[in-house]
Amino acid sequence: MFPHQNPLPKPELLTTPGFEDLFTQIKQDVLMHIRNLSPQDEAAVEQTLENEAEILTKFTQAFTIVLQNHTRQINQQALQMFGMYATDDDAVDVIASQLGVKRLVLDEGDTSGENPVMESNESLLNRYYLAAYALACTGTRAGYRFHAMTLGARPNIDISSPAENHVRVDYQFDEASLAGLTKDAQARQVSPGVVDCYILTHLEEGIPSDALIASTQAYLESDDIAQETDLITVKAPTIKSWQCELDLYIRSGPDADVIKVAAINALQAYGKRQHYLGASIEPSMIYKEVLAATGAYRAEMIAPIEPIRCAFSEAPYLSQSDHAPASGVDELNSQEDSSIKINIISESF
């Protein structure tokens, strides 16, 4: 459903050629040009290009690198046109706008309205792909999910005729809109005609407020969204809190505190990525994330031993995963009571 989370391999057309292949091709093109322009000089130029010490050869090598970087930049710009590869904020905004989806404001920022916290590219693309299932109303799982995550994005429309031949259409937007608070939503039919919809917020462990639940309930029941055949009930999810403790084995030499900071950052990032309804925490993925981030050669899991796999009404939560990542030893020391415990074991060989 979400191509940006499981993208196809990048097209061969948008790959950057290796230095040696590109350098060989440029030399061939230069010799072809010399052959057409001044045939008598072709042999001398070819001999020069085979000599690594010649200035012309060094210039050609430098040009190869410039052309390689330029090709890489053009390819990256081309990839921004596709939702499954786009990473640039502006490009993602343009892609989402094709289905009328706009980036939500999660926090208005300070009193001057500066430095607002905006919806992430990941969340915006999720809603973009869901929008195709909700062009008319709810009913499908994806449709309920889209509308619950795009709460109150549409105005109230009032049509009146104050005088003959005069029609007035008023668009009223709710100033106290709760749009942007919902991070994820999942709906399932629990019995014929009865649908439960669970919503998860961006804040802390994700439990929605009573006001957000009531607002979502009213929005999904509005005339232009609700299914006449469904009795929808919006609910708060069950949060499965988890902690992580592992022994991390490193070779003697690296600073243990630096390794520990990298491990904590990797676990916090993994916990944040998995903070969704129906997600899971897999020990195998914890191993992968920590070993890749630290360069350690071995890790032994103390907790969790078994995978934590959630139903559509549940979400896993690492209590420190939404906090700012540690960036140094001082911040590391302040996290001694966190739900992440990394035991560094240095071994000599």
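Caption draft 1: Examining the overall build of the protein more closely. Across its full length, the protein holds 10 helices and 14 strands. Out of the 349 residues belonging to the protein, those deemed buried represent 38%. Counting only contacts in the protein whose residues sit at least 6 apart along the sequence, the fraction spanning at least 24 positions is 66%. For the protein, the computed accessible surface area is about 20,200 Å², with 53% contributed by carbon and sulfur atoms.

Caption draft 2: Focus on the nonpolar core. In terms of nonpolar packing, the biggest core is built from 30 residues, with C197, I199 and L220 touching the most fellow members. Considering each element in turn, this core owes the most residues, six residues, to helix α5 (residues 121-131). Counting residues in hydrophobic clusters, the runner-up holds 20 residues, among them C244, I250, Y270 and L318.

Caption draft 3: A look at the confidence of the model for the protein. Across the protein, the average pLDDT comes to 85, with 89% of residues at 70 or higher. Across the protein, the element-wise mean pLDDT spans from 51 in helix α10 (residues 329-333) up to 95 in strand β10 (residues 280-281). Contacts from residues 332-337, a stretch scored under 50 in pLDDT, to residues over four places away or in other chains number eight contacts.

Caption draft 4: The sheet that holds strand β14 (residues 340-347), seen in detail. The strand order β11-β9-β14 describes an open sheet built from three strands, whose pairing is mixed. Only two strands of the sheet have a single neighbouring strand rather than two, namely β11 (298-303) and β14. Across the sheet, the mean angle from the axis of one strand to that of its neighbour is 20 degrees, orientation sign disregarded. Bridging between strand β9 (residues 244-251) and β14 involves eight bridges; their strand directions are parallel. Bridged to L248 within β14 is I344.

Caption draft 5: Quick look at unusual backbone geometry. Backbone torsion omega between A303 and P304 reads -5 degrees, so that peptide bond is classified as cis. Note on placement: P304 falls in the loop between β11 and β12 (308-309). Positive phi, normally seen in glycine, also occurs at N165, with a value near 65 degrees. When you line up the elements, N165 lands in the loop between β3 (156-163) and β4 (166-172). In this structure, E204 is a non-glycine residue whose phi angle is positive, near 45 degrees. Structurally, E204 can be placed in the loop between β6 (194-201) and α7 (210-220).

Caption draft 6: Geometry of the pairing of β3. In terms of residue burial, β3 counts as a barely covered element, since only zero of its eight residues are buried. Where β3 and β4 come together, six bridges link them in antiparallel fashion. Pairing of I157 across the sheet is with Y171, part of β4. From the end of β3 to the start of β4, which pair antiparallel, there are two residues, and N165 there has a positive phi angle of about 65 degrees.

Caption draft 7: Molecular detail of the pattern of salt bridges. Throughout the structure, instances matching the rule amount to 11 salt bridges. Between E119 and R127 there is a salt bridge whose closest N-O contact spans 2.8 Å. Residues E119 and R127 agree in their burial class; the two are buried.

Caption draft 8: Just the packing of helix α2 (residues 42-49) against helix α3 (residues 55-79), in detail. The geometry of α2 relative to α3 is characterised by a closest axis approach of 7 Å and an angle of 70 degrees between their N-to-C directions. Judged by the inter-axis angle, α2 sits roughly perpendicular to α3. On α3, the residues that touch V45, T48 and L49 of α2 are L56, T57 and T60. Grouping the constituent residues of the contact of α2 with α3 by class yields three nonpolar, three polar and no charged.

Caption draft 9: Layout of the packing of helix α1 (residues 19-37) against α2. Where α1 meets α2, the axes come as close as 9 Å, and the angle between the chain directions of the two elements is 160 degrees. Taken as axis vectors, α1 and α2 run roughly antiparallel relative to one another. α2 is crossed by α1, and the crossing has right-handed handedness. Judged by residue contacts, K27, V30, L31, I34 and R35 of α1 engage E42, V45, E46 and L49 from α2. Here the contact of α1 with α2 is composed, by residue class, of five nonpolar, no polar and four charged.

Criteria and cut-off values
- Residues numbered from 1 in each chain as written.
- Predicted model: local features only at pLDDT ≥ 70, side-chain atom pairs only at ≥ 80, totals over all residues.
- Heavy atoms only, no water.
- Helix = DSSP H or I, 4+ residues; strand = E, 2+ residues; numbered from the N terminus.
- Buried < 20%, exposed > 50% of the residue type's maximum accessible area, 1.4 Å probe, protein only.
- Contact = heavy atoms within 4.5 Å.
- Areas by Shrake-Rupley, 256 points an atom, 1.4 Å probe, with all protein chains shown as cover.
- Core = buried A, V, L, I, M, F, W, Y, C linked by side-chain atoms within 4.5 Å.
- pLDDT = per-residue confidence, 0-100.
- Pairing = 2+ DSSP bridges.
- Axes fitted to C-alpha atoms, helices over the stretch in contact; angles between N-to-C directions.
- Salt bridge = Lys/Arg side-chain N within 4 Å of Asp/Glu carboxyl O.
- Parallel < 35°, antiparallel > 145°, perpendicular 65-115°, else oblique.
- Nonpolar A, V, L, I, M, F, W, Y, C, P; charged D, E, K, R; others polar.
- Left-handed = near helix turned anticlockwise from the far one by under 90°.

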